[in-house]
Amino acid sequence: MKCFDCPRNCGVDRTFEKGFCLQGEDITIAKIIENFEWEEDCISKKNLAIFFSGCSLRCEYCQNFEISCTEVGKTYSVDEFVELLKKYKDFDCIDFITPTHFSSKILKAFEIYKPDSTIIWNTSGYEKEETIEKLSKYVDIFLTDFKYSDNNLGLKYSKVNDYNEVALKALKKMCELKENVFEGEIMKQGVIIRHLVLPMNVENSKKVLDIIKENIKDPFVSIMSQFTPNGKGDLNRKLLPLEYKIILNYADKLGFNQGYIQDFCSADENYIPKFTNS
Ligand code: SF4
């Protein structure tokens, strides 16, 4: 079967060759972490994180470079993946981290078995609307990036020339399909829009916030400061406190009033993101 799982539309038969995401036909998982507590505070701490191998964006500055840009991991057929989901069914949430390039296989698994856990689709935001529509039957929370307003940056760092338009269509679809629902402090359904502020790219971040403001009603936004240089490309320094402050002030000016910001100390190699209510 030719692969059109992500907007790159490589059209390769992953049984025989690999597309941009570097993955074969089976679902490949790089690691699984139980009680993964580094997501935003509204995500239950009884969270099972599944880190899928490969990525359909493979950003040059990726913080998980060893997972996203290499071919490491254990492979699972759809049936084996179903058994894996059954094994972990008692977790409050199951956090699918960078799963887009396995979406057709994951959808097949959900048709066989969907755990009662809150399902989190933790994505780069570069998604097809029709895939979001299909997933929404099973996924409770879209935890989605909105990385670039400037398509030149998308091209430079993620080798796509249409990130802005594609991600915006997908984001609108997510928000249309999943209204935010909380039980106490915990999100049970909804959309969290993440934006990682890149060093030397304050204008990109401001325009991302403008786009969210113009297109999404009552957005729940997580503005992240944790950028850590990975030794590749020209983003070779951490975010400056001033750059982050400019973006937080801008978000405030636009009237964003729900979501999270990060403690600035998150931006170190130990990657300990702490989210605080904005
Ligand atoms: S999922 Fe991989 S092979 Fe399929 S279209 Fe996207 S990058 Fe290409």
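Refer to the structure above for everything that follows.
Keep in mind that this is a model prediction, so the values were computed, not measured.

Engineer: Explain the pairing of strand β4 (residues 93-97) to me, using residue names and the numbers behind them.
Structural biologist: Consecutive residues of a regular strand have side chains that alternate between opposite faces of the sheet. In terms of burial, β4 is largely enclosed, as five of its five residues are buried. Residues Cys-93, Asp-95 and Ile-97 line one face of β4 and the alternating positions Ile-94 and Phe-96 line the opposite face, and both faces are buried. Bridging between strand β2 (residues 47-52) and β4 involves five bridges; their strand directions are parallel. The residue of β4 that forms the bridge with Ile-50 is Phe-96.

Engineer: So what's going on with unusual backbone geometry? Which residues, and what values?
Structural biologist: One non-glycine residue with positive phi stands out, namely Thr-98, at about 55°. Overall, the relative accessible area of 24% leaves Thr-98 in the partly exposed class. Backbone geometry at Asp-218 places phi at a positive 45°, although glycine is not the residue there. Along the chain, Asp-218 falls in the loop between α7 (202-215) and β9 (221-224).

Engineer: Quick one: what's the story with the pairing of strand β8 (residues 186-196), residue by residue and with numbers?
Structural biologist: Relative to β8, strand β6 (residues 141-145) is paired through five bridges, and the arrangement is parallel. By the bridge assignment for β8, Ile-141 is matched with Gly-190. Relative to β8, strand β7 (residues 181-183) runs antiparallel, the two sharing three bridges. Residue pairing across strands places Glu-183 opposite Ile-186, the latter belonging to β8. Remark: two residues form the turn of the hairpin made by β7 and β8, two consecutive strands paired antiparallel; Gly-184 in that turn has positive phi of roughly 65°. Where β8 and β9 come together, four bridges link them in parallel fashion. Bridging across to β9, Leu-196 finds its partner in Met-224.

Conventions and cut-offs
Residues numbered from 1 in each chain as written. Predicted model: local features only at pLDDT ≥ 70, side-chain atom pairs only at ≥ 80, totals over all residues. Heavy atoms only, no water. Buried < 20%, exposed > 50% of the residue type's maximum accessible area, 1.4 Å probe, protein only. Helix = DSSP H or I, 4+ residues; strand = E, 2+ residues; numbered from the N terminus. Pairing = 2+ DSSP bridges.

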